[in-house]
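Listed here are the chains, written in short residue letters.
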Amino acid sequence: MRVLVKGAGVAGLTVAWQLYRHGFDVTITERAEKVGLGASGFAGGMLAPWCERESAEEPVLTLGRSAADWWEAAVPGHVRRRGTLVVAAGRDAGELDRFARRTSGWEWLDDAAIAALEPDLAGRFPKALFFRQEAHLDPQRALSALTAGLEEARMLFLFGADGTPDAARYDRVVDCTGAARIGSLPDLRGVRGEMLYVETPEINLSRPVRLLHPRHPIYVVPRGRNRFMVGATMIESADGGGITTRSLMELLNAAYTLHPAFGEARLTETGAGIRPAYPDNLPRVSEHDGTLHVNGLYRHGFLLAPAMAGEVARRLLAEQAQPERRAS
Ligand SMILES: Cc1cc2nc3c(=O)[nH]c(=O)nc-3n(C[C@H](O)[C@H](O)[C@H](O)COP(=O)(O)OP(=O)(O)OC[C@H]3O[C@@H](n4cnc5c(N)ncnc54)[C@H](O)[C@@H]3O)c2cc1C
């Protein structure tokens, strides 16, 4: 079966990878000049289904708990299994208890245990939640590695102006174009996420750290070589313009609360991505006008794209075995 995958973000690339593994003849088309320039390029890359359960439905945990294994198999060496640390400033200590009530898979740490895990946070927080089973990866690097693997397997990528092949030449089209489908896919909306990168040699972290706050919770994800990603706002908007000064101040203030060394850090990059989301904030594989759509990955693209790719593969394998099963 010849399949055209539209969009080379995390959804499209994981679908392409999964279909390639099942022997489909796949072409990927991407309107940008390279992969990962959509929302996927702005992601924290946290594979954190237990933490995310705080504000997400059960499927985020059940579908997301095997994501780290999927990524490790697809791009060996890119997954860091160091867990997630969740802290709160003294005045927000109640936020930690609330977070603990809404989640599972954690253990309480006291200040000595925090210092043992993250020496640079010694003495800063009296207690923390540690989600030992969680993992993270660098989205840009993971997507580049996935792309390199697909190119090595001779998968055809069509970028930019060449990215408009004749869909009629394919047996199936899988649309993974994310926020570009807002307005044409029923109920799909955008949730703007702003983020930034800072660089400082003054602090070292080994794992993502989430700082709880009633209005401005943030996370800091270490990227190595003194770089840290700080994210992210959650704004009901499909405006993909640059970060606002207000968001910049709020993110930097919160990072400074996590550790004053961030006050001396260099700001190296800012950005905003549009998370495509359905009303229940869960992703879907759906069929519209003969095209399969993988969309609505919201804040769980890296976490849930493998499960969505698995569902696409199951559907297409079933159709291949029994063409009459194809939905109309
Ligand atoms: C700040 C931020 C932090 C995040 N952190 C995390 C995290 O820690 N963990 C996690 O799991 N998720 C995270 N997410 C969510 C995740 O990034 C998204 O869910 C995910 O990127 C959505 O992927 P996608 O492939 O659907 O969309 P995109 O990445 O936007 O990809 C869509 C692609 O389709 C292309 N395209 C559009 N139209 C066409 C067309 N007509 N033809 C061809 N190509 C087209 C676009 O150029 C783009 O490359 C975060 C998101 C943001 C914004």
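As the structure is a computational prediction, the values presented were derived from the model and not from experiment.

(A) Geometry of the domain arrangement of the protein chain. Structurally, the protein chain comprises domain 1 (2-73 + 137-185 + 280-321) and domain 2 (84-132 + 189-277). Inter-centroid distance (C-alpha atoms) of domain 1 to domain 2 is 27 Å. Contacts between the two partners involve 27 residues from domain 1 and, on the opposite side, 29 residues from domain 2. Together, the buried faces of domain 1 and domain 2 total about 2,200 Å²; carbon and sulfur atoms form 60% of this surface. The closest approach of N and O atoms between Arg98 and Glu54, which form a salt bridge, is 3.0 Å. The interface formed by domain 1 and domain 2 holds eight residue pairs in polar contact (both at pLDDT 80 or more) in total. For the side of domain 1 that touches domain 2, the elements supplying multiple residues, two or more each, are α2 (49-52) and α7 (139-152).

(B) Focus on the layout of surface pockets. When its volume is computed, the second largest pocket comes out at roughly 250 Å³. Around the second largest pocket sit 13 residues that line it, and Arg80, His136, Asp138, Pro222 and Arg223 are the ones nearest its centre. When residues of the lining of the second largest pocket are assigned to their parent elements, the largest contribution, three residues, is made by strand β12 (residues 218-224). Of the residues in the lining of the second largest pocket, the class split is three nonpolar, five polar and five charged. Looking at which domains feed residues into the lining of the second largest pocket, each of domain 1 (2-73 + 137-185 + 280-321) and domain 2 (84-132 + 189-277) supplies at least three.

(C) Highlighting the packing of aromatic side chains. According to the stated counting rule, one finds seven aromatic pairs in the structure shown. Seen in terms of ring centroids, Trp17 and Tyr20 are 5.8 Å apart; in terms of plane orientation they differ by 55 degrees. Their pairing is tilted. With Trp17 and Tyr20 both in helix α1 (residues 10-21) and three residues apart, this pair spans about one turn of that helix. By relative accessible area, which is 34% here, Tyr20 ends up partly exposed. An aromatic cluster of at least three residues, connected via ring pairs, comprises Trp70, Trp71 and Phe302. Over the ring of Trp108 we find Lys127, and its NZ or CZ is 4.4 Å from the ring centre.

Analysis parameters
Residues numbered from 1 in each chain as written. Predicted model: local features only at pLDDT ≥ 70, side-chain atom pairs only at ≥ 80, totals over all residues. Heavy atoms only, no water. Domains from an automatic or database assignment. Contact = heavy atoms within 4.5 Å. Buried area = accessible area lost by both parts, 1.4 Å probe. Salt bridge = Lys/Arg side-chain N within 4 Å of Asp/Glu carboxyl O. Polar contact = N/O pair within 3.5 Å; in protein donor to acceptor, adjacent residues only side chain to side chain. Helix = DSSP H or I, 4+ residues; strand = E, 2+ residues; numbered from the N terminus. 1 Å grid on protein atoms, 1.4 Å probe; cavity = no way out; pocket = protein on both sides within 12 Å on 5 of 7 lines; lining within 4 Å. Points joined across faces, edges and corners; volume = space filled by probe spheres on them. Nonpolar A, V, L, I, M, F, W, Y, C, P; charged D, E, K, R; others polar. Phe/Tyr/Trp six-rings, centres within 6.5 Å; stacked < 30°, edge-to-face > 60°. Buried < 20%, exposed > 50% of the residue type's maximum accessible area, 1.4 Å probe, protein only. Lys NZ or Arg CZ within 6 Å of the ring centre and 35° of its normal.

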